[in-house]
Amino acid sequence: MDDKNISQAVIARLPRYYRYLGDLKDKGIERISSQDLSKLMKVTASQIRQDFNNFGGFGQQGYGYNVEYLYNEIAKILGLNEKHNLVIIGAGNLGQALANYMNFERRGFLIKGIFDNNQALCGKEVRGIRVQHIDQLEHFIKENAIDIAVLTIPKDGAVKTAEILAGCDIKAIWNFAHVDLNVPESIVVENVHLSDSLMKLSYGIVNKK
């Protein structure tokens, strides 16, 4: 499979498929047709088949999709069958909320460290993880095989921190700072701009007639 030929729109839908299939699996449903999955997810059956055909199809005509098998295959595509070590940079309210979100660990994302430049926060424990000073970040990343850095700090600090992370050969950054980061193409960046989501909601409200 050459993932360069798969559109970002398809990749963006995979976590949603994974979530719905997980719910079906938990309910004991063994198989589902593209039509039934279409009704459940409000995505056309044709779109579902096209999306899955990018990865080999997974279905059988007249049978549909084996829920558990498809769930596991999508997990492999998303890399959820592997463990990913991550650190959270920023121990404020958002950083602590993310650290307390247990579903990360269920998905294979293991929080190994939390960092901040605020001495008042250093030494505090969040779910048993002690907040360390940002000065310890580079050494910690190299010593603990960290794959992902989560940025929950103001944008000015995020730019400088991203430069440090690039020097540590970090693989990916989950960026909650309201700034676009200039990092090497080898680093995968997922930007989460919370205010953008609120503005989309605002648009939906004022334009709903």
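Refer to the structure printed above.
Residues numbered from 1 in each chain as written. Predicted model: local features only at pLDDT ≥ 70, side-chain atom pairs only at ≥ 80, totals over all residues. Heavy atoms only, no water.

**Re the packing of helix H2 (residues 34-41) against helix H3 (residues 45-53)**
Keep this limit in mind: Axis definition: a line fit to C-alpha positions, over the contact stretch in the case of helices; interaxial angles, taken between N-to-C directions, run 0 to 180 degrees. Helix and strand definitions here come from DSSP, where helices need a minimum of 4 consecutive H or I residues and strands a minimum of 2 consecutive E residues; each element is numbered from the N-terminal end. Oblique is the label for any angle not under 35 degrees, not over 145, and not in the 65 to 115 range, which are roughly parallel, roughly antiparallel and roughly perpendicular in turn. Whether two residues are in contact is decided by their heavy atoms, any of which lying within 4.5 Å being enough. By the convention adopted, Pro, Cys, Tyr, Trp, Phe, Met, Ile, Leu, Val and Ala count as nonpolar, Lys, Arg, Asp and Glu as charged, and the other residues, Gly among them, as polar.
Closest axis-to-axis distance for the H2/H3 pair is 8 Å, and the angle between their directions is 110°. Here H2 lies roughly perpendicular to H3, going by the angle between them. Each of Ser34, Gln35, Leu37 and Ser38 in H2 lies in contact with H3, whose residues at this interface are Ala45, Ile48, Arg49 and Phe52. Class assignment of the residues belonging to the contact of H2 with H3 gives a composition of four nonpolar, three polar and one charged.

**Concerning helix H9 (residues 194-207)**
The line we're drawing: A helix is expected to span 1.5 Å for every residue after the first. Relative accessible area decides the class of each residue, using a 1.4 Å probe on protein chains only: under 20% of the type maximum gives buried, over 50% gives exposed, and in between gives partly exposed.
Given a rise of 1.5 Å per residue, 14 residues ought to cover 20 Å, and the 20 Å separating the end C-alpha atoms of H9 matches this to within 8%. By the criterion of burial, H9 is predominantly exposed, with just zero of the 14 residues buried.

**Quick look at the sheet that holds strand E4 (residues 109-116)**
So the rule is basically this: One requirement defines pairing of two strands: DSSP has to find at least two bridges between them.
Spatially, seven strands are ordered E5-E6-E4-E3-E7-E8-E9 in an open sheet, and the strand pairing comes out mixed. Two strands close off the open sheet at either side, each with one partner strand: strand E5 (125-126) and strand E9 (188-191). Sheet topology note: the strand E3 (residues 84-89)/E4 ladder contains six bridges and is parallel. Of the residues in E4, the one forming a bridge with Asn85 is Leu110. With respect to the sheet, helix H8 (residues 155-167) is in contact with E3, strand E7 (148-151) and strand E8 (172-175), its orientation differing from that of E7 by roughly 170°.

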